Structure formats: structure tokens, C-alpha cells
Amino acid sequence: MKTNTPVHRCQYLVLGSGLAGLYFALEVADRGTVTVLTKHRRESSNTRWAQGGISAVFADDDSLSKHLDDTLVVGAGLCDRDMVEHAVARGPGLVRRLADRYGVRFDRTSDAKDAPFELGREGGHTRRRVVHYRDMTGAEVERALIEAAQAHPNITMLEHHMVIDLLSWTKVDGTRGCFGAYVLDIERDQVEAHIAPLTVLATGGAGRVYRYTSNPPVATGDGVAMAYRIGASVSNLEFMQFHPTCLHHPGANTFLISEALRGEGGILRKKGGAELMKDRHPMGSLAPRDIVAREIDAELKRSGERCVWLDMTHLDGEFIVRRFPGIHARLTSLSIDMRREPIPVVPAAHYMCGGVVVDRYGRTEIPGLMAIGEVAMSGLHGACRLASNSLLEAVVLASGAAEVCDDFGRGPPDTVSPWNEGNAVDSDEAVMVSANWEEVRGLMWNFVGIVRSSKRLERARRRIELIREEILEYYWRFRITRDVLELRNISLVGHLIIECARRRRESRGLHYTLDHEATREHFAKNTVMDKYSGPRSR
Ligand code: SIN
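Notes on the structure follow. In this text, all values refer to a predicted model and were calculated from it rather than measured experimentally. (Residues numbered from 1 in each chain as written. Predicted model: local features only at pLDDT ≥ 70, side-chain atom pairs only at ≥ 80, totals over all residues. Heavy atoms only, no water.)

Before going further, it helps to spend a moment on the pattern of salt bridges. Taken as a whole and assessed by the stated rule, the structure comprises 40 salt bridges. Where R129 meets D62, a salt bridge forms, and the shortest distance between an N and an O atom there is 2.8 Å. Residue R129 is found in the loop between β5 (119-120) and β6 (130-131), and its partner D62 is found in the loop between β4 (54-55) and α3 (64-74); the two are separated by 67 residues along the sequence. Note on R129: relative accessible area 0%, which makes it buried. Ionic pairing is found between R188 and E192, a salt bridge with its closest N-O pair at 3.7 Å. For R188, a relative accessible area of 43% corresponds to the partly exposed category. Residue classification places E192 among the buried positions, given a relative accessible area of 3%. (Salt bridge = Lys/Arg side-chain N within 4 Å of Asp/Glu carboxyl O. Helix = DSSP H or I, 4+ residues; strand = E, 2+ residues; numbered from the N terminus. Buried < 20%, exposed > 50% of the residue type's maximum accessible area, 1.4 Å probe, protein only.)

This part is about helix α14 (residues 482-503). Under the 1.5 Å per step criterion, the end-to-end length of α14 is 32 Å for 22 residues, consistent within 8% with the ideal 32 Å. When you tally the buried positions in α14, you get 19 out of 22 residues, the bulk of the element. (Expected span 1.5 Å × (residues − 1).)

Turning next to the site of the ligand. Close contacts around the ligand come from 13 residues, with H243, S258, E259, H350 and S388 the closest. The separation between an oxygen atom of the ligand and a polar main-chain atom of G52 is 3.1 Å. Measuring from an oxygen atom of the ligand, one finds a side-chain N or O atom of R385 at 2.7 Å. Across the complex, the protein chains shield 95% of the 260 Å² of accessible surface that the ligand would expose by itself. Here the residues of the shell around the ligand are counted per class, giving 2 nonpolar, 7 polar and 4 charged. (Near = heavy atom within 4 Å. Polar contact = N/O pair within 3.5 Å; in protein donor to acceptor, adjacent residues only side chain to side chain. Areas by Shrake-Rupley, 256 points an atom, 1.4 Å probe, with all protein chains shown as cover. Nonpolar A, V, L, I, M, F, W, Y, C, P; charged D, E, K, R; others polar.)

Moving on, we come to helix α8 (residues 289-303). The terminal C-alpha atoms of α8 lie 21 Å apart, and with 15 residues this matches the ideal 21 Å at 1.5 Å per residue to within 8%. Within α8, the full set of buried residues consists of R289, D290, V292, A293, R294, E295, I296, D297, E299 and L300. Where α8 is buried, its residues meet β13 (240-247), α7 (260-263), β14 (267-269), β15 (308-311) and β16 (343-352). Following α8 by one or two positions, G304 has its phi on the positive side, about 75°. (Contact = heavy atoms within 4.5 Å.)

With that settled, consider the packing of helix α12 (residues 430-447) against α14. Across the interface, α12 lies against α14 with an axial gap of 10 Å and an inter-helix angle of 25°. The orientation of α12 relative to α14 falls into the category roughly parallel. The interaxial crossing formed by α12 with α14 has left-handed handedness. Listed contacts from α14 to V433, N436, W437, V440, R441, L443 and M444 of α12 are D483, V484, E486, L487, I490, S491, G494, I497 and I498. (Axes fitted to C-alpha atoms, helices over the stretch in contact; angles between N-to-C directions. Parallel < 35°, antiparallel > 145°, perpendicular 65-115°, else oblique. Left-handed = near helix turned anticlockwise from the far one by under 90°.)

As a further point, take the environment of L457. Relative to the elements of secondary structure, L457 occurs in helix α13 (residues 454-477). Using a relative accessible area of 4% as the deciding quantity, one classes L457 as buried. On a C-alpha basis, the gap between L457 and R330 in space is 37 Å, while along the polypeptide they are 127 residues apart. Apart from residues lying up to four places away in sequence, L457 is in contact with F447, V448, R452, I498, A501 and R502.

This part takes up the nonpolar core. Counting residues in each nonpolar core, the largest one holds 137 residues, and the members touching the most others are F24, L98, L201 and M444. If one sorts the elements of this core by residue count, α14 sits on top with 11 residues. Excluding residues that lie within four positions of it along the chain, M444 makes contacts with V209, Y210, G449, I464, G494, I497 and I498. With 27 residues, the next largest nonpolar core counts M277, M312, I327 and V345 among its residues. (Core = buried A, V, L, I, M, F, W, Y, C linked by side-chain atoms within 4.5 Å.)

As a further point, take the sheet that holds strand β10 (residues 190-195). The strands making up a sheet associate through backbone hydrogen bonding, with each pair oriented either parallel or antiparallel. Strand order in the open sheet made by the 4 strands is β1-β10-β9-β8, with mixed pairing throughout. Where the open sheet ends on each side, the last strands, each with one partner, are β1 (7-9) and β8 (161-170). Along the sheet, successive strands turn relative to each other by an average axial angle of 30°, direction set aside. Bridging between β1 and β10 involves 3 bridges; their strand directions are parallel. Directly across from V7, in β10, lies its bridge partner A193. Sheet strands touched by α14: β8 and β9 (176-185). Its angle to β8, the strand with the most contacts, is close to 55°. (Pairing = 2+ DSSP bridges.)

Attention now moves to the pairing of β15. Pairing analysis gives 3 bridges linking β14 to β15, with the strands arranged antiparallel. Residue pairing in the sheet places R269 in a bridge with W309 of β15. For β15 and β16, the ladder comprises 3 bridges, and the chain directions are antiparallel. Directly across from L310, in β16, lies its bridge partner I343.

This paragraph deals with the packing of aromatic side chains. For any pair of aromatic rings, the description rests on two quantities: the centre-to-centre distance and the angle between the ring planes. The full count for this structure, using the stated rule, is 10 aromatic pairs. For the ring pair Y23 and Y102, a centre distance of 5.7 Å and an interplane angle of 75° mean the geometry is edge-to-face. With Y23 in helix α1 (residues 19-28) and Y102 in the loop between α4 (81-100) and β5, this residue pair connects regions lying 79 residues apart in the sequence. On the basis of relative accessibility, which here comes to 9%, the residue Y102 falls in the buried class. On the numbers, 5.0 Å between centres and 70° between planes, the contact of F58 with F117 is edge-to-face. With F58 in the loop between β4 and α3 and F117 in the loop between α4 and β5, this residue pair connects regions lying 59 residues apart in the sequence. Taken together, the ring pairs in this structure connect Y210, Y212, F242 and W445 into an aromatic cluster. The ring of F255 is capped by R330, whose NZ or CZ atom sits 4.8 Å from the centre of that ring. (Phe/Tyr/Trp six-rings, centres within 6.5 Å; stacked < 30°, edge-to-face > 60°. Lys NZ or Arg CZ within 6 Å of the ring centre and 35° of its normal.)

All we've got here are geometric facts, nothing functional implied.
So, in C-alpha cells, the structure goes:
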């Protein structure tokens, strides 16, 4: 590794290239220079994998108050009502802006340019309100925003650049700020410093903390880990959402089978054909996902089967292929024809409802540091996220952040210490990194999954402490690589999830524990942690 530390400067430093990061970058780019860093390729983000769409009120039989109510019901008492009102009110305008200004091609009810959006339906929604592009909404959003960002002269996108740590300062009077990041340029094996008055975390989620996940390999919780390390508060990490229906197939375990299939009438069945959700919830197969995922988990444990089945065979085959071309093509490549046979499905980790604590404009408690998208905990989702409210939150926080950010950045210190790699040498023990990766993900899946217990959480706590000690020792002894940085981050995020879960001695939303199966009024508050004060509720 080269030993000097090049220093780069810009006005806005954006970490992550999903919907939140790109939308923010585009909205501020006329005001100053923007650098967007992404640790893999620019299109590698959770956004790109989003199939469903963006929830927003457009239907005649819908209203903002219905969207508000559905969000609050699914959020199980922990949503911030003001944030929910803010988000649902801004949704329709922002969806139109994505279409009109940035050229996102949402499906419409006819070929006319201004025809109404075609609306899908997903779990927990009492109305059709999911604006989508076939079953590839995220990929289409990414396509449009990447094209727009590439065309803007003020935006520089750097691929294969992974943040090591945020740069922060604290004065004796306690004031503090963030002024950029140390970054590993992976291809050149070079540590650089990127300095900016404003740093925006748009690093996405942490599904990769779990062995089975619908998330892409980049979703390793980097933003939560980095923000926590400089003293920002993180919250509600016990609420990891498990999507009920990921494909169960040896060749494609992480492939999502969108909830929109159940929105169009798909039915979950047990082996033998009985309806899984019959008499379990008034919305049947379209019940909120925490409830469906738990039913599947219980059924798998009861029956000893490895999956349940999603049945689309009673629906019009032509419609299925037109509405879900991406899923149909993927299944066909695995010799599954969903028009004729049920799809084998299992739950998998999908979405992090908690994150770095922000207000409704994406401001963290640390001046100069904003967090937008899945990395943030804005209060929109509470204890469980309503389907397709995630892309909504990403664009609401990104647009709000762009409005207020120029008053939130702090003049950065003008200099930064060179990166000090001490006596670190190249490692000849890569196996230690891969073994620890597997161990963290396995223990999170087995002990901190859909159904928890105090004993399982305690076991997970003890094991992850030992693993973290080993990883930290390795981090200081050997030269850093992307794998090591990610392992350091997933192990910290795993630890934070466990600590949040241990503190919630009740079951609520996505957190279900056999030792406290009831919901308790005393716990109707967020679990908040920071490195200095430890865990607390508020
Ligand atoms: C899906 O298409 O089922 C995922 C949508 C979401 O997670 O909001």
C-alpha cells in the first residue's frame, strides 16, 4: 500500500450511489461540487434490487390519511407520526419529479405520456398505491439517476472507493462535527482523505449481517458502523425486517419474489396445498410481512419442510408474464414456470428499519453529517416497515436534506493527519476473515433471527464479543482490504442489533421473543444507543 495520503476536497461528499445518494447529489449539484463514492460499481446498491416500487397516494379511492394509517398500523406503535405525515404528503410530488425531471419510466395505465400511474398493491396496504416499473422499479430508478448524474458537470462518481472511517472533530466545550472521510481506493490500494463541509451517509442497509438475505453483497451496514464509531446515536436496530418470500433454490437463494405477486392474488400454501394464512390474518397472504414471515418460520419448524410455496397458477398467465417479466425470466432460467407450478419460497433478511438517528431532513446529531435512505432512522417505519415505504423514505429524506444542508455543514478543519498504517503487514491469513464472516452471519441467523429468546440473544452476545476482539486485533495487525473493513462493520452492526434486541423485553413489530410474547406499554419507545452513553430508551 502507498504511504502518502492524497487529500481531495469537494462541497458535498456523498457515500453511496443508491436512490438516496444520487437524488441528493442531483438536487445540490447546481450549488457546488459533489463527490459520490461507492465501494463497488455505481449501480451496486439495494435500490437496484428493489422490485416492488414507491408507495404514494394517487388512486381515487385513496387518501393521505389512509396511507398514514396503514403506515402507523404496520409500524406497531413506534412510528413518528409527524415524520409519517411529512413523508406521505411529499410522496406524490416526489414521484412526479422522478418521472418528469429525471426520466424514470414508471408504468402507466395507457401509452399516453401523462396517463395515470399503474398502481400495485403490497402487504399491509389497504389500497393500491405502489408506483412501479414492471417488477424492476429499483433498476429503472438507478438507470435514470445514474444517467442524470453522469451528465452533470459538478458530480464526480468514484467507484471502488470504500470509506474506512469518518473524519470528525470535538472541542473541549463538547461541540463536534464531521468533515469527510478516510477512504480506501480499492483498485489502487491507496488510502485517501476526502474533505467536505458536508458528508452524507447514503450507504443503505445491512442484510448481509445475516446468512440468508435478499440484499446485494454491498449491504454490510457500513454507515451505521461508521456513524456509531464517531459518536452518533443509532436506534431500533432490533427491527430487522425479514421478507417472507425469497426464492428457495440451490442456485439462487437470495432472489426476491416480490410481495407484489401476492398483491395481485398470489397465495401462500403449505405442503399439500392448504392455505398458510387462512384464519391467521384478515388480509390473508397479504398480511404485514412480520406476521407472514413468522407464520412461515413456525410452519417450517412444525413440518420440517425447507420451504413453503407461493401459488400463482390460478391467475392469468399472460398477465403474470407482462407484470412480472424479471421474476418470470429468472424462474424460467431455473426451470420453474410460475404459471404452472407454485414457487418454493423462504423468508430472508431484507430491510433495516433502524439506523442512524436523524430528523425528517436527514440531519444527524453531528453537524456536517447527514444520513438518508435505509441507513437512517427517521421514525417513518417504527417497529415494522410498510412495503414500498423504503424508496419513499429515501427520496423524502434526500430531497429534505438537499433543502437544508447548506445551513448544516460546518467549516471543516483545513488539514487532516496522513493515514497511519503503523506496522501493518500484508496478511497471509485470508481464511481468518472468511471464517469470521461466516460465523457472524450464521450466529445472527440462528440466534437473532425471526424468533428470538433471551438465551439465544445471550449466546449471540458472548460469541460476537470474542469474534469482534479477534477482528479488531486483525484490523490493527494487517493491511486493510475491503473484506476486512466490511467484516469490522458487520460485526459491529451485529453487536448493536443484539444489544438493541436484548433491551426490548417485549414482542413488537419485527422483534419477537419467546420470553416476552406480549407487547408492553412500557416499551413503546425507541431503543437508542451511542458509543458514549450506551443504550437508552426515548
Ligand atoms: C417487494 O417487492 O416485495 C419488496 C418491496 C419492499 O421491500 O418494500
